[in-house]
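Below, each chain spelled out in residue letters.
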Amino acid sequence: MEMSLSIAVALLVVMVVVVSTGGANVSYDGRSLMIDGERKMLFSGSIHYPRSTPDMWPSLISKAKEGGIDVIETYVFWNLHEPQPGQYDFSGRRDIVAFMKQIQAQGLYACLRIGPYIEGEWTYGGFPFWLHDVPGVVFRSNNEPFKFYMQNFTTKIVNLMKSEGLYASQGGPIILSQIENEYQNVEKAFGEDGPPYVSWAAEMAVGLQTGVPWCMCKQDDAPDPVINACNGLRCGETFTGPNSPNKPSIWTENWTSFYQVYGQNATLRSAEDMAYHVALFIARKNGTFINYYMYHGGTNFGRTAAEYMITSYYDQAPLDEYGLIRQPKWGHLKELHEAAKLCSETILSVFPYMQSLGEQQEAYVFSGDSGACAAFLVNIDNTKSVVVLFQNSSYELPRKSISILPDCKTAAFNTAKVSTQFNTRITIPAIKFDAAEKWEQYEEVIPQFDATTLRSDVLLEHMNTTKDVSDYLWYTSSIQQDSMEQQSTLSVKSLGHVLHVFVNGEHVGSLHGRFRNTAFTLEGAISLIKGTNNISLLSATVGLPDSGSFLERRALGVESVIIQDSKEAKNITNLSWGYQVGLLGEEFQIYSLEESKRVTWSSLGSSQPLTWYKSVFDAPKGDDPVALNLGSMGKGEAWVNGQSIGRYWVSFRTLAGIPSQTWYNVPRSFLQPGDNLLVLFEEETGNPLDITVDIISVTKPSLRKLV
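Residues numbered from 1 in each chain as written. Predicted model: local features only at pLDDT ≥ 70, side-chain atom pairs only at ≥ 80, totals over all residues. Heavy atoms only, no water.

What about the nonpolar core?
The condition is simple: Each nonpolar core is a collection of buried residues, namely Ala, Val, Leu, Ile, Met, Phe, Trp, Tyr and Cys, held together in the definition by side-chain atoms within 4.5 Å. Residue exposure (1.4 Å probe, protein chains only): buried if accessible area is under 20% of the type maximum, exposed if over 50%, otherwise partly exposed. Helix numbers and strand numbers start at the N terminus; a helix is a DSSP run of H or I with at least 4 residues, a strand a run of E with at least 2. Contacts: residue pairs with any heavy atoms within 4.5 Å of one another.
Within the largest apolar cluster, 180 residues are counted, with the highest numbers of intra-cluster contacts made by M100, L112, M161, F376 and W612. At nine residues, the largest contribution of residues to this core is made by helix α8 (residues 271-284). Setting aside its immediate chain neighbours within four residues, F376 contacts A279, I282, A283, I347, E362, A363, Y364, F366, I402, S403 and I404. In terms of nonpolar packing, the next biggest core, distinct from the first, is built from 20 residues, I535, V558, I563 and Y579 among them.

Description of the packing of aromatic side chains
This is how the line gets drawn: Classification of ring pairs uses Phe, Tyr and Trp, with its six-membered ring standing for Trp, and accepts pairs whose centres are within 6.5 Å; under 30 degrees between planes counts as stacked, over 60 as edge-to-face, and the remaining range as tilted. Ring-over charges, as used throughout, are those where CZ of Arg or NZ of Lys falls within 6 Å of the ring centre and within 35 degrees of the ring normal.
Evaluated as defined, the whole model comprises 48 aromatic pairs. Taking 5.8 Å as the distance between ring centres and 40° as the angle between the ring planes, the aromatic pair formed by Y49 and F99 counts as tilted. Taken together, the residues span a long stretch of sequence, with Y49 in the loop between β5 (42-47) and α2 (57-66) and F99 in helix α4 (residues 96-105) at a distance of 50 residues. Relative to Y197, the ring of F146 lies with its centre 6.1 Å away and its plane at 55°, an arrangement referred to as tilted. Of the two residues, F146 is situated in helix α5 (residues 144-163) and Y197 in helix α6 (residues 194-206); the sequence distance between them amounts to 51 residues. Comparing F146 with Y197 shows no difference in burial state: the two are buried. Above the plane of the ring of Y313 lies R51, whose end atom (NZ or CZ) is 3.6 Å from the centre. The ring of Y88 has K156 lying over it, and the distance from NZ or CZ to the ring centre is 4.4 Å.

A short note on the UniProt feature "domain: Glycoside hydrolase 35 catalytic" (unreviewed entry) in the chain
To keep it simple, the criterion reads: UniProt positions are given in the numbering used here, feature names are shortened, and annotations may be inferred rather than shown by experiment.
In the numbering adopted here, UniProt assigns the feature "domain: Glycoside hydrolase 35 catalytic" (unreviewed entry) to residues 32-339. In residues 32-339, the share of helix is 28% and the share of strand is 18%. The end C-alpha atoms are 18 Å apart.

Concerning the layout of surface pockets
If a probe the size of a water molecule is rolled over the atoms, the empty space left behind becomes visible. Defined as follows: The way it works is a 1 Å grid over only the protein atoms, where trapped points that fit a 1.4 Å probe form a cavity and open points with protein on both sides within 12 Å along at least five of seven lines form a pocket, and then any residue with an atom within 4 Å of a point lines it. Grid points are joined across faces, edges and corners, and a volume is the space filled by probe spheres set on the points. Under the scheme applied, nonpolar residues are Ala, Val, Leu, Ile, Met, Phe, Trp, Tyr, Cys and Pro; charged residues are Asp, Glu, Lys and Arg; polar residues are all the others, including Gly.
Approximately 1,100 Å³ is the volume found for the largest pocket. R94, R303, D468, V469 and S470 are, among the 37 residues lining the largest pocket, the residues nearest its centre. Here the lining of the largest pocket is built from residues that sort into 15 nonpolar, twelve polar and ten charged. Of the volumes computed, that of the second largest pocket is approximately 930 Å³. Taken together, 43 residues make up the lining of the second largest pocket; nearest its centre are L268, D315, Q316, R326 and R425. Of all the secondary-structure elements, those providing two or more residues to the lining of the second largest pocket are β20 (425-432) and β39 (692-698). Residues belonging to the lining of the second largest pocket are distributed by class as follows: 19 nonpolar, 16 polar and eight charged.

Looking at the sheet that holds strand β15 (residues 373-379)
The cut-off we apply is this: Two strands pair under a simple rule: DSSP has to find at least two bridges between them.
Taken in spatial order, the five strands line up as β13-β14-β15-β18-β19 in an open sheet, and their pairing is antiparallel. The open sheet has two edge strands with one neighbour each: β13 (353-358) and β19 (413-414). Relative to strand β14 (residues 361-367), β13 runs antiparallel, the two being bridged by five bridges. Counted as the bridge partner of Q355 is A363 from β14.

Things to note about the sheet that holds strand β26 (residues 506-512)
Rules: Angles shown run from 0 to 180 degrees and are taken between the N-to-C directions of axes, each axis being a line fitted to C-alpha atoms and, for helices, limited to the stretch in contact.
The six strands lie next to each other as β22-β31-β23-β28-β25-β26, forming an open sheet whose pairing is antiparallel. Of all the strands in the sheet, the pair left with one neighbour each is β22 (454-456) and β26. With strand direction ignored, the average angle separating the axes of adjacent strands in the sheet is 25°. The pairing of strand β23 (residues 472-481) with strand β28 (residues 531-540) spans ten bridges and is classified as antiparallel. Each bridged residue has a counterpart across the sheet, and for I479 the counterpart in β28 is N533.

A closer look at the UniProt feature "domain: Beta-galactosidase beta-sandwich" (unreviewed entry) in the chain
Those residues carrying the UniProt feature "domain: Beta-galactosidase beta-sandwich" (unreviewed entry) are residues 362-418 in this numbering. Annotated as residues 362-418, this span is 0% helix and 53% strand, and its ends, taken at the C-alpha atoms, are 22 Å apart.

Things to note about the state of the cysteines
Where we set the bar: Note on terminology: disulfide denotes any pair of cysteine sulfur atoms within 2.5 Å.
Going through the model one piece at a time under the given rule, you end up with two disulfides. Two residues share a disulfide in this structure: C230 and C235, whose sulfurs sit 2.0 Å from each other. The chirality of the disulfide connecting C230 with C235 is left-handed, given an S-S dihedral of about -85°. Disulfide partner of C373: C408, at an S-S distance of 1.9 Å. As the torsion about the S-S bond is roughly -70°, the C373-C408 disulfide counts as left-handed. Placement of C373 in strand β15 and of C408 in the loop between β18 (401-405) and β19 is noted, with a sequence separation of 35 residues between them. With no disulfide of its own, C215 lies closest to C111 among cysteine sulfurs, the gap being 5.3 Å.

Some thoughts on the packing of α2 against α4
Rule in force here: Here the word oblique covers every angle except those under 35 degrees (roughly parallel), over 145 (roughly antiparallel) and from 65 to 115 (roughly perpendicular). Crossings are classed by handedness, with left-handed meaning an anticlockwise turn of the near helix from the far one by less than a right angle and right-handed meaning a clockwise turn.
One can describe the packing of α2 onto α4 by two numbers: an axis separation of 10 Å at closest approach and a directional angle of 40°. In this view, α2 runs oblique relative to α4, as classed from their interaxial angle. The two elements α2 and α4 meet at a crossing, and its hand is right-handed. Listed contacts from α4 to W57, P58 and I61 of α2 are A98, F99, Q102 and I103. When grouped by side-chain class, the residues that make up the contact of α2 with α4 number six nonpolar, one polar and no charged.

Remarks on the pattern of salt bridges
Cut-off, in case you're wondering: Salt bridges are defined as contacts in which a side-chain nitrogen from Lys or Arg sits within 4 Å of a carboxyl oxygen from Asp or Glu.
Applying the stated criterion across every chain yields a total of 31 salt bridges. In this structure, the salt-bridge partner of E38 is K40, at a minimum N-O distance of 3.8 Å.

Considering the side chain of E307
Under the convention used in this document: His residues and chain termini do not enter the charge count, which takes Lys and Arg as positive and Asp and Glu as negative.
Mapped onto the fold, E307 is located in the loop between β12 (287-296) and α9 (329-342). Lacking a salt bridge, the buried E307 has R554 as its closest oppositely charged neighbour, with an N-O distance of 4.9 Å. Once you skip the residues sitting within four places of it in the chain, E307 turns out to touch H497, F515, T518, V542, G543, L544 and P545.

Structure representation (structure tokens):
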């Protein structure tokens, strides 16, 4: 054991990869990232700049720092920054430079995950939709058109960071970057074009000479000098380890809960489970860089959420959607970080050796030449507590727990013992819209075939037709009926996500798919009149797909339409179709302060599908977060002062019969003191009289312990 330990220490000394010689020298060896030659134990937290607002950034970063976070990690969102080829936008929530400078101002490091494919439950995985129309393009493959645009954007971001002096090698906060994202999950699908693409991406990134290391997550064969990293819930168990002895063990995504989709319940993760796996990663996998995904999830504003994703993102993170501290998760992890930092110098100086303490109990001991000693006592047993003997002292280990002994004597922290008190989020209605005179409405115009200019003899694919400028695509056709009114059967097959059917302007049915099961067939009886009958089908997407291979080949929208009467089947897919991209209200931008005057609003009437609602309200007093309670509505999108707070889909209930999301975040920066314009587009039917503007806060911590 002593011989192998000595060899390991020697390797730590010799196998150091130096990345930069200017500014802060960022390097790594088989133990950790190193800054100016000093090994670092780093706890990181993901906070995505566009999922919050610039006025929230200082508080989010400050709370992360107070919670023991050393690094802020973020993706870079290609479709936000390059909405059209060569046209860039870094304003408002897109101001990544300001975000990085705020991180630096608070004395933290940054990890920049450029991707530029990010997945991230973000529409189209972060790709701008114009990339779909590049001739011959194959995403994420050894494909020259794709590589050209990927390299162009990656270079744009790197040069932007360099121009602002934001890499650590320049004195900035960025100590680590990522290229690609979980590519190993799809690599086999690309056959012989997969491995060369990995090599090219790594070589391209390193060639940009950022002066800091690069990593690839979930890429076990990441080419040198790129570091392979782990993503998941249990990297202390699942990570195969660095693919070279001179690379450190890093965990780029330790999921603090899980993303949530409409129709499914939230997947919760306890503070104890998170702490256990962090400590296990340090002890068993020699982990020295651990990032929480997400530390603050935030909000999928506008149309940025991927398919079926709710507007709230990782609300169960240590900082909730509104930036409020969620206890005990935040506090328990803070105590874990403090305990690990007490012995970080010892941990970083050596590799541990493992000592058995029982059938399912282990000690990982860090013992250096200086005489310093630290130990992690692990009880793997998930059924019972045990008492173990370690270095002639007894220690009680609760079930599935790890005790950290910074001096190999005194237990400073146990992952299963939560001393942090609980808090609870509460909502208090501040403004009610409970009188009809507070509302106006405008009924969306249902287009007919004769009014359309885009025509085709075949059914067009939804995404390729809308180019992602709208969730909505109208398919219209007309049928000539020679006989008197009769009942017929309409059958529409759709590849998702939502379909509303109108015959002669009357709503006759709606249906939707589900996450990862988007295809469905809507069937029902319709009445056709003598003469011309107008068929209008509104296909709606709820975000674009964000994962899997060959995203550019995905198809959505109406696939077939059959109308059958008592005499014969008429397949009208062989007839001409007229198309309208988007809604008239979208074209007029009636959700904005000025453009809302372009249409004639009427008094509130009976609830009808495809209705726009408008009201005004004063901002609630104080600084507490604000949310819209849309529990009385169906499905649609909401805007405040022209800014979209995201899609809502209250009618899509979970198996428990409750909405996946009821409250929708309205950032304070969206509001003005008075006369705030609230506009909703409701696809189904809802009751706007029960909508409220609520104040969000948390209770004082209670003494209740997590069971």
